[in-house]
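Each chain, written out:
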Amino acid sequence: MKNKFVRLLAVSSVLIGTSSMAQENQILRGPIPAWVSPIENLPASDDVGGLVHFSYQDTQIRLDETGGQQHNAFRVRILHPQALQVGNLALNWNPALGPPTIHRLLLHRGSDTIDILDSSEFAVIRREDALEYSILTGVMTATLNVPDLRVGDELELAFTQPYADPTFRDVSYGLMFMADTPQSGRYRLRLTWEDGQRPAAMISKSAMEGARQEENQIVWQADNPDQLVLPNMAPPRYSWGRIIEFSDFPDWESVSRQSAPLYMAASTLAPGSPLKAEAERIARQFATPQDRAAAALKLVQQEIRYIFVGLAEGGFTPVNADEVWRLRYGDCKGKTVVLLALLRELGIPAEAVLVNNGGGFGLDERLPSPGMFDHVLVRAKLGDHDTWMDGTLPPVATPSREPVIDYRFVLPISEDGTALEARPWKPMRSPEEIALVEIDARAGIDKPAIYKTTQIRRGGEAFAAYAQLSALTQGQLENALRQEMRGLETLTSASFRYDEAAGVSIFTIEGTREIDWEGMDDAPSLILPGGGSYPPEKRQRPLEQDPDVPFYSSPVYDCHVTTVRVPEDFPIDNWYHNSEIDVSLFGRVNWRVYEKGDGAITMIRGVYTQQPEISTSKAAKDNMRVADFDNSMAKIYYSTAAFYGNAGNDTEAPATYEIDWTAEDVPCAPPDLLKAARETD
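Novice: Teacher, can you tell me more about the pattern of salt bridges here?
Specialist: Between side chains of opposite charge, pairing is possible as soon as their charged atoms come close. Within this structure, the stated rule accounts for 34 salt bridges. With a closest N to O distance of 3.2 Å, glutamate 156 and arginine 104 form a salt bridge. Of this pair, glutamate 156 sits in strand E11 (residues 154-163) while arginine 104 sits in strand E6 (residues 101-109); the two residues are 52 residues apart in sequence, bridging distant segments of the chain. Glutamate 156 sits in the buried class, given a relative accessible area of 7%. Among the charged side chains, a network of salt bridges with common partners joins Arg109, Asp148, Arg150 and Asp153.

Novice: Before we go on, may I ask you to explain the packing of helix H2 (residues 274-285) against helix H3 (residues 289-303) in this structure?
Specialist: Any two packed helices are characterised by how steeply their axes cross, that is the angle between the axes, and by the distance between the axes. Orientation of H2 relative to H3, taken along the N-to-C sense of each, is 140°, at an axis distance of 9 Å. By the angle class used here, H2 and H3 are oblique. The way H2 lies across H3 gives a crossing that is right-handed. The residues of H3 that touch H2, namely those facing Glu278, Arg281, Ile282 and Ala283, are Arg292, Ala295, Ala296 and Leu299. By residue class, the composition of the contact of H2 with H3 is five nonpolar, no polar and three charged.

Novice: Would you mind showing me how to read the packing of aromatic side chains here?
Specialist: The description of an aromatic ring pair rests on the distance of the ring centres and on the angle between the ring planes. With the rule as written, the count across this model stands at 14 aromatic pairs. Seen in terms of ring centroids, phenylalanine 54 and phenylalanine 74 are 6.3 Å apart; in terms of plane orientation they differ by 85°. Their pairing is edge-to-face. Of this pair, phenylalanine 54 sits in strand E3 (residues 52-64) while phenylalanine 74 sits in strand E4 (residues 67-78), and the two are 20 residues apart along the sequence. Owing to a relative accessible area of 9%, phenylalanine 54 belongs among the buried residues under this scheme.

Novice: What is the right way to look at the sheet that holds strand E30 (residues 525-527) in this model?
Specialist: Each strand in a sheet pairs with another by means of backbone hydrogen bonds, the pair being arranged parallel or else antiparallel. Taking strand neighbours across the sheet as the criterion, the three strands line up as E30-E38-E33 in an open arrangement whose pairing is antiparallel. If you trace the sheet from one side to the other, it starts and ends with E30 and strand E33 (575-577), each paired once. The average undirected angle you get between the axes of adjacent strands in this sheet is 20°. As paired elements, E33 and strand E38 (residues 635-638) share three bridges and run antiparallel to each other. Across the sheet, residue tryptophan 575 finds its bridge partner in E38, namely tyrosine 638.

Novice: Explanation requested: the environment of asparagine 145 in the structure shown.
Specialist: Checked against the element boundaries, asparagine 145 lands in strand E10 (residues 140-145). The exposure class of asparagine 145 is exposed, given its relative accessible area of 58%. In this structure asparagine 145 touches Gly87 and Asn88, once residues within four positions along its chain are discounted.

Novice: Mind showing me how you'd approach helix H9 (residues 671-679) here?
Specialist: Working note: α-helix, 3.6 residues per turn, so residues spaced by three or four point in the same direction. For H9, the set of buried residues is Leu673, Leu674 and Ala677. Down the axis of H9, the sector holding all buried residues measures 95°, keeping them to one side. Exposed residues lying more than 90 degrees from the buried face of H9 are Pro671, Asp672, Lys675 and Glu679. Those residues of H9 hidden inside the fold are in contact with strand E32 (557-565), strand E35 (588-597) and strand E36 (600-609).

Novice: Help me out: how do you make sense of the nonpolar core in this one?
Specialist: Note that soluble globular proteins tend to have their nonpolar side chains buried in a common cluster. Grouped together as the largest cluster of nonpolar side chains are 51 residues, with contacts concentrated most on Tyr263, Val338, Leu339, Leu342, Leu343 and Met389. Per-element accounting of this core gives the leading share, eight residues, to helix H5 (residues 332-345). The contacts of leucine 343, once residues within four sequence positions are left out, are Ala293, Ala296, Ile348, Ala350, Val378, Ala380 and Met389. Judged by nonpolar contacts, the second largest core, of 40 residues, contains Ile27, Val76, Ala83 and Val146.

Scoring rules and cut-offs
All residue numbers refer to positions counted from 1 along the written sequence of the respective chain. The predicted nature of this model means local features are confined to residues of pLDDT at least 70 and side-chain atom pairs, given and counted, to a pLDDT of 80 or more, with totals for whole chains, interfaces and linings taken over all residues. Computation of side-chain values: all heavy atoms of the structure, hydrogens and water removed. Each reported salt bridge corresponds to a side-chain nitrogen of Lys or Arg within 4 Å of a carboxyl oxygen of Asp or Glu. Numbering of helices and strands starts at the N terminus; helices are DSSP runs of H or I of at least 4 residues and strands are runs of E of at least 2. Here the term buried applies to any residue with accessible area under 20% of the maximum for its type, exposed to any over 50%, and partly exposed to those in between, with areas from a 1.4 Å probe on protein chains only. The axes used here are C-alpha line fits, helices contributing only the stretch in contact, and every angle between their N-to-C directions lies in the interval 0 to 180 degrees. Reported orientations rely on four angle classes, namely roughly parallel under 35 degrees, roughly antiparallel over 145, roughly perpendicular from 65 to 115, and oblique for the rest. Crossing handedness follows the turn of the near helix against the far one: under a right angle anticlockwise gives a left-handed crossing, and clockwise gives a right-handed one. Any two residues whose heavy atoms approach within 4.5 Å are treated as being in contact. Residues are grouped as follows: Ala, Val, Leu, Ile, Met, Phe, Trp, Tyr, Cys and Pro are nonpolar; Asp, Glu, Lys and Arg are charged; every other residue, Gly included, is polar. The criterion for an aromatic pair is that two Phe, Tyr or Trp rings (for Trp, the six-membered ring) have centres within 6.5 Å, with stacked assigned to planes under 30 degrees apart, edge-to-face to planes over 60 apart and tilted to the rest. One requirement defines pairing of two strands: DSSP has to find at least two bridges between them. The arc in question is the one traced by the directions running from the helix axis out to the C-beta atoms. By convention a nonpolar core is built from buried Ala, Val, Leu, Ile, Met, Phe, Trp, Tyr and Cys residues, the set being connected through side-chain atoms within 4.5 Å.

Next up, the structure:
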């Protein structure tokens, strides 16, 4: 059977990203392997522009009984001083697999050819460039700065590197891809295999032209390829460029099945494990499965710091739960196995689930591959509902009915193998962000008003706010939040808290501020913050792009609420407002309503996604309506005339202080849409 994971990074790069273990290696020198097919130069034309010209850039992958090998070679002409950095060479590799073999490193200047390695050599070091991001890889690096490189020179490099994944030793899988905006030159991708080693392969639509499939190889080659322009405003699944993908996995179930023993072994606790004692403590302290699961999750979040461990087999193989607990650090895999172990001890059914933090768009259109995932978390069965738990999130992130990221496809890990699972998009039940502004101008239009603003955030933004603000002293907090409220004359108070029950972060600033009233003193008006919006961009594409590709907008649900307590010498009955708005364009609703009463007038503006994807025919109809979009700023007026504007008494728009705005069912979008969204939950 084949041994091997082979994944190619961008063809325009000479870097090879790998996982690693700590041991010393030295790069080798040797001849080009016999399986490598030569490629001819494409000389630069007299009018060539840009930074560089590639006489050739060649990437070849070979699959055989002993593993996989990857060959990279290029010959590049320096056309501009800014391109001289091409001479800063860096080769990275996994020392568990062995170093690269350099075949040639030449400098061509006119009719002269200089062998750079006759007078220079690579310096080999081990470095952890991403420790500040809590990433530990153990990668070995060989660097060489080509001396005396000049504009007009051609630099030529060729090397081959063994490449295999020690976790999935019986299968090959990977990607080869070409940059969307290449420099001028000749480019080739070539995948070859020995007899009996042919993988399943798929060539993206963008790479079909110039590709050919033969008995033992797939080749894509192009001279001066055009810039690849992907469909404008298309769903993320259409962002797949010039790519050749290959895999020995027959289906997603086999990826799930082969991953299962890794997580089962790593989550199995030794007799007398300290984690067993932790589970017993949780069981004594909490009575219900829901509370026990929450306690287990918080233990993992609080007591195990996050560090990605990619050493040796660490790319896909989790460290044993007992070892993670001993070290008190681990990555998503390590935190997941600890959580699985605790839940098993507590009698709570749970499974590990592979996900892609980019959302996993279009995974059902890809070949089965573990490389399509970059994260793993836990899904438990609590009552009648699935409950998602992510040990890498802050300790305020509790078990939830939905994961924080809107994953469209996930892969549950199971002993029998589970199919790729689709998670259809659902309209949002609650706003991701609410901005509340309360202006207390009862003292008069010529006096500073009490000005209070509150930001309520959910999901990832809430966790980011918690990470940024929760550890600050009161003085530090006031300084940080003051930046959010430029224009305050005085700062009365500033506070931040995270409400675990509501799953929101809340920060509030209060002070005094001069209000920018407009108009005459006896007929003031005021533009309300947060009440206006720009017309949406038309959904249009060039004629040469696929007319059947739908248009996409990232789902949003945002809300702005502004309440003004009007000056007491200006009776509330004589206040009016400008237009209310309820319009849907391109699958997104723009909504603005007002209500007045009890000495105050309130405006609510919401932006709510009904449907993230729309057809081109629907887009064409909405394009014709963009010109009529009401982009007026929200404005209130005072007038003693019998009728000046809209009274605003018929719409429900509760003031900032009248309801709990951290609740799920706040009125920030048309009621019929919110009712439908909650019925689909």
